[in-house]
Structure formats: structure tokens, C-alpha cells
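Architecture and fold: a report
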Amino acid sequence: MRKPGRHFLQIPGPSTVPDRILRAIDQPVIDHRSPEFGDLGRRALEGIKTIFGTDANMIIYPASGTGAWEAALVNTMSAGDRVLMCETGHFAWLWQRLATRLGLQPELIDTDWRQAADVAAIEARLRADSSHEIKAVCVVHNETSTGCTSDIAAIREAMDGTGHPALLMVDTISSLGSVDYRHDAWGVDVTVGGSQKGLMLPPGLSFNAVSEKARAASVAADLPRSFWDWSEMIAANATGYFPYTPATNMLYGLVEAVDMLHEEGLEAVFARHKRHAEATRRAVTAWGLEVLCRVPDHYSPVLTAVLMPEGQSADVLRRTIHTEFNMSLGNGLGRLQDRVFRIGHLGDFNDLMLLGTLSGIEMGLARAGVPHERGGVQAALDFLSQTPDAAKAERAA
Ligand SMILES: *Cc1c(COP(=O)(O)O)cnc(C)c1O
């Protein structure tokens, strides 16, 4: 049956792809060994560095984010290596499972899935590891299953304080292009990114930013690797080419996405995400519902996970909203299944899209018979109208 109007894709990735990017992708496929390809490849590789905040080597894979997770580990680790991971939520847990399957020995620092990575616990574990058996610390910057964001700069500082030589690897799949991130300045060794969240692209590209230290580690690392191998990529990328067929049309989209982020200004993009997250939390609180993240310093600018009242099904609510209002919301993952729904407020997103999203939720709560207070949309509306977008105001002045 025809559904008039657009679908609201309010999951925390894939996010809505703006028309400009769809148009950019809509090109004839070109020969990836032709002279014109080299120019596209170079522009894509140079452009994406500015979003990762790096001058280091960038790798672009024709793969989802999971591929770039695997690439980070197989390029730097050897069989049986210990890696320290922080179980901030479902995605951190999946990365740990991947490491186990590769033959590594992950060690998990757990949380209650309602806060970000525990910096002090990482520091303590590294101090206790006097023989330096831990080869890497792996952290998810923005835990998409819980809506908690970890402080990567603080983790780097804590690691430096211990003098421990472990590599620092960070998953920015759902934060890149939405939350401030600096691969070089924060001393990250491998940053893992993906295309379909803050970068506003369709799914299909993922990234590794690679520090000199990680590059050096890759020379000695002995896990088997072929498709993910950095060295062949880096050699071919020097002239803008790839060792195998790249996702050519996605690269057109990537160049456009980078341009769009800079046209708005990265600082303005990050401020916009924070402002929408705050408006969302005000709506959730006014509904009398609870934000899953319970540490205000860890609130995610990208998404808000909302706890259902006891005995209420998040999946029934999501289904009702999908059927009645043509909007997708994120589901509860892992141990949060059916307990939370997740509101994505990332990517190419503005005030009226947020208000449409929150209206759909408020109507859905009523329609599904979930006990709540009215007035969440009003609370968000009040916040947005009283708190102008600072960057926009500056430009208008
Ligand atoms: C989406 C996501 C992933 C998985 O990426 P895929 O593209 O689905 O493979 C990993 N980590 C985080 C934090 C994510 O948000």
C-alpha cells in the first residue's frame, strides 16, 4: 500500500541520505584504472582525513563497519594476543566476539550498559599488566546500543600516564561526522569508521585511520590477512588507486559528504547534534520516561535510548509507530532487547525533522497505550525555540 510522504528513518544509522549525496552517487560507473579515477580516489582519501582529524594513512574499504573492525585487528595483532576491551554495550560486545573468533584473547571491562567506558578501570588494568601482555585497548567512541559516548582523549591520557605501550583502537562508526573526533590529536592508533551514520552516506564504505605506530605493528603482526591488508592498499592509494575494485560510486558520495560537512562547518555540525540530543532528552523526561544513559557527561549527541516503563514492550511501541506513522526507531540490542527504543538524531537532520520524530513517538505512546505524560513534544519545541542554533545565529549576524 502506498504510504504518502517520506519515511522517517530515525534509527541511529543508517541515517537519511540527503538528496545532494544521492545525486552525487548517481553517475556512470567509471573505469577504476583510468586516469580520471585517480583524481576521484585522491579527493576521497584526502577529504576523509579532514573528518577523522588526521594526516596519517586512511584506508577505505568497500565493506560495512564490521569489516573495518576486523581490519583493525588482523593488521596489527598476532594469534593469542591479549586485547583490553570495554563492554559499553552491544557493539563493544560484538567487537569482542569478533576478536575471539580471530584467535585473540579479549579481556572485557564491563559496565552496566548505562554509561561510557571506565577510564580509571582501563588505567588500573594497564598498570597491573607490568609484563605488557596487553597489545591493544579497544573502545567504542559512541556506543550505539546505549547512547553513551566515551572520552577518548581522557583514555589516551590515562594510557600515557601508565607508560603502557598498548595500541589504542577506537570505533567511531556512529560518531564520525556527528561528534568531535581527532585521530591525531588524541593519539589514536587505529580509528574505525563507517559510511552510513554521521557521514550521511548509504551503507557500504568503512575506514581505518592508521597511526605510524599501528603501521609499524602491522609489519610484525602475524594474523592471516589478505582482503584487509593495509600495505597493498597504502601502496595503491599513493596514486589514488585501489588494489581491487573500489565502491566507485560511493566515493563520489563520500567527496560530496565531506564538502557538505565543511560547508556547514564541523563545529556547527557537532553543536547541532548536541542541541538536538538535549531537545530529545527534554521530551523523554517530560513524557515521564527514563533516558538509558545515566551519566550526563556521557550523553550521546547521536542517539537517545529510552527505557520503557516496567512491563511495557519497546518492540510493540516501535511496531505501532512504524505501522501508524511510517517511522523506524532503533530496537533494543542484546540484553536491552524489547526494553529500550532508540531515537536517532544524527546526520542530515534539522529542528523540524526532530519535532516530526518526537511527534510520532508521542502519538505512538498514546496509540500503544504506554503510560506516559503528555507534553514531550512541547518541551522539545520550547527548548528549540528558546535556544537558537548558535552557529546559525553567528552566521546571520
Ligand atoms: C553500526 C555500528 C557498527 C557495525 O557497523 P556495520 O556497518 O553494521 O557493520 C559497529 N560499531 C558501532 C558503534 C556501530 O554503531
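Residues numbered from 1 in each chain as written. Predicted model: local features only at pLDDT ≥ 70, side-chain atom pairs only at ≥ 80, totals over all residues. Heavy atoms only, no water.

Quick notes on the overall build of the chain
Note the following rule: Each helix is a run of DSSP H or I of at least 4 residues and each strand a run of E of at least 2, with the numbering of both proceeding from the N terminus. The quantity called the radius of gyration is restricted to C-alpha atoms. Its globule counterpart is 2.2 Å times the number of residues to the power 0.38. Only protein chains enter the accessibility calculation, which uses a 1.4 Å probe; a residue whose area is less than 20% of its type maximum is buried, one above 50% is exposed, and one in between is partly exposed. Contacts between residues were defined by any pair of non-hydrogen atoms, one from each residue, lying within 4.5 Å. Only the protein chains shown count as cover for residues, and all accessible areas are computed by the Shrake-Rupley method using a 1.4 Å probe. Within this scheme the basic residues Lys and Arg register as positive and the acidic residues Asp and Glu register as negative, but His and the chain ends are omitted. Charge positions come from single atoms, namely NZ of Lys, CZ of Arg, CG of Asp or CD of Glu.
The helix and strand tally for the chain stands at 14 helices and 14 strands. The C-alpha radius of gyration computed for the chain amounts to 21 Å, which stays within 12% of the reference 21 Å derived for 397 residues, consistent with globular compactness. Viewed in the frame of its principal axes, the chain has a C-alpha envelope of about 60 × 55 × 45 Å. Of all 397 residues assigned to the chain, the portion counted as buried reaches 57%. Of the contacts formed within the chain by residues at least 6 apart in sequence, a portion of 74% connects residues at least 24 apart. With the model as given, the accessible surface of the chain reaches about 16000 Å², and the carbon-plus-sulfur share is 51%. For the chain, the separation between the mean place of its 37 positive charges and that of its 48 negative charges on side chains is 4 Å.

Some remarks on the UniProt feature "binding site: substrate" (unreviewed entry) in the chain
The cut-off we apply is this: UniProt positions are given in the numbering used here, feature names are shortened, and annotations may be inferred rather than shown by experiment. Contacts described as polar in this section are N or O atom pairs within 3.5 Å, which, within protein, must combine one atom able to donate a hydrogen with one able to accept it, while residues neighboring in sequence count only if both atoms come from side chains.
UniProt marks R342 with the feature "binding site: substrate" (unreviewed entry), using the numbering shown here. Among all residues touching R342, those that are not within four sequence positions of it are Q10, P12, T144, S145, L303, T304, A305, L329, G330, N331 and L333. Within the structure, the side chain of R342 is placed 2.7 Å from the backbone oxygen of T144, a separation counted as a polar contact.

Topic: the sheet that holds strand β8 (residues 167-171)
Rules: Any two strands between which DSSP finds at least two bridges are classified as paired. Axis definition: a line fitted to C-alpha atoms, over the contacting stretch in the case of helices. Angles run 0 to 180 degrees between N-to-C directions.
Pairing is mixed across the open sheet formed by seven strands, whose spatial order is β2-β10-β9-β8-β5-β3-β4. Looking at which strands have only one partner, the edges of the open sheet turn out to be β2 (57-61) and β4 (105-110). Averaged over all pairs of adjacent strands, the angle between strand axes in this sheet comes to 20°, irrespective of strand direction. Pairing of strand β3 (residues 82-87) with β4, which is carried by six bridges, proceeds in the parallel orientation. If you follow R82 over to β4, its bridge partner there is Q105.

Thoughts on the sheet that holds strand β11 (residues 290-291)
Pairing within the open sheet is antiparallel, and its three strands lie in the order β11-β12-β14. Looking at strand neighbours, the two that pair on one side only are β11 and β14 (340-344), the edges of this open sheet. As paired strands, strand β12 (residues 303-307) and β14 are joined by five bridges and run antiparallel to one another. Considered in β14, the bridge of V306 is made with F341. Of the strands in this sheet, β11, β12 and β14 are in contact with helix α10 (residues 266-286), which crosses β12 at around 15°.

Description of the site of the ligand
Worth spelling out the cut-off: Whether a residue is near a molecule or strand depends on its heavy atoms: if one lies within 4 Å, it is near. When residues are grouped by polarity, Ala, Val, Leu, Ile, Met, Phe, Trp, Tyr, Cys and Pro land in nonpolar, Asp, Glu, Lys and Arg in charged, and all others, Gly among them, in polar.
Around the ligand, a shell composed of 13 residues is seen, among which S64, T66, T144, D171 and K197 lie nearest. T66 is positioned with one of its side-chain polar atoms (N or O) 2.6 Å from an oxygen atom of the ligand. The contact in question runs from an oxygen atom of the ligand to an N or O atom on the side chain of Q196, over 2.8 Å. Taken by itself the ligand offers 380 Å² of open surface, and the protein chains cover 88% of this. By residue number, the principal contributor to the shell around the ligand is helix α3 (residues 65-76), which donates three residues. Within the shell around the ligand, the residues separate by chemical class into four nonpolar, seven polar and two charged.

Digging into the pattern of salt bridges
Oppositely charged side chains can form a pair if their charged atoms are brought close together. Stated formally: Salt bridge, as applied in this entry: a Lys or Arg side-chain nitrogen positioned within 4 Å of an Asp or Glu carboxyl oxygen.
Scanning the model with the defined rule gives 22 salt bridges in all. With a closest N to O distance of 3.0 Å, E263 and R20 form a salt bridge. One end of the pair, E263, is in helix α9 (residues 248-264); the other, R20, is in helix α1 (residues 19-25), and 243 residues separate them in sequence. Classification of E263 as exposed rests on a relative accessible area of 54%.

Looking at the pairing of β12
Burial analysis of β12 places five of its five residues in the buried class, which makes it a mostly covered element. The two faces of β12 match: L303, A305 and L307 on one face and T304 and V306 on the other face are all buried.

Some thoughts on the UniProt feature "modified residue: N6-(pyridoxal phosphate)lysine" (unreviewed entry) in the chain
UniProt annotation of "modified residue: N6-(pyridoxal phosphate)lysine" (unreviewed entry) refers to K197 when read in the numbering used here. Tracing the chain through its elements places K197 in the loop between β9 (190-194) and β10 (206-210). Setting aside its immediate chain neighbours within four residues, K197 contacts P12, G13, S15, I173, S174, L346 and G347.

Quick look at the nonpolar core
In plain terms, the rule: Here, nonpolar core refers to any group of buried Ala, Val, Leu, Ile, Met, Phe, Trp, Tyr and Cys residues whose side-chain atoms link them within 4.5 Å. The source of the domain bounds is an automatic or database domain assignment.
Ranked by internal contacts, the top residues of the largest apolar core, which has 86 residues, are I48, I60, Y61, M169 and L254. With nine residues, α9 is the largest single contributor of residues to this core. When residues of this core are assigned to domains, at least three fall in each of domain 1 (8-15 + 265-396) and domain 2 (19-262). Excluding anything up to four places from it in sequence, I60 contacts A44, L45, I48, L205, S206, F207, M233, F242, L251 and L254. Core analysis: the second largest hydrophobic core is formed by 30 residues, A116, A283, F349 and V370 among them.

Topic: the packing of α3 against helix α4 (residues 90-101)
Quick note on the threshold: Working rule for angles: under 35 degrees goes down as roughly parallel, over 145 as roughly antiparallel, 65 to 115 as roughly perpendicular, anything else as oblique. Crossing handedness: left-handed means the near helix sits turned counterclockwise from the far one by under a right angle, and right-handed means the same turn made clockwise.
At their nearest, the axes of α3 and α4 sit 10 Å apart, and the two run at 50° to each other. Classed by the angle they form, the pair α3 and α4 counts as oblique. The chirality of how α3 crosses α4 is right-handed. Every residue of α4 that contacts α3 at T66, W69, E70 and L73 is listed here: F91, L94, W95, L98 and A99. Partitioned by chemical class, the residues of the contact of α3 with α4 number seven nonpolar, one polar and one charged.

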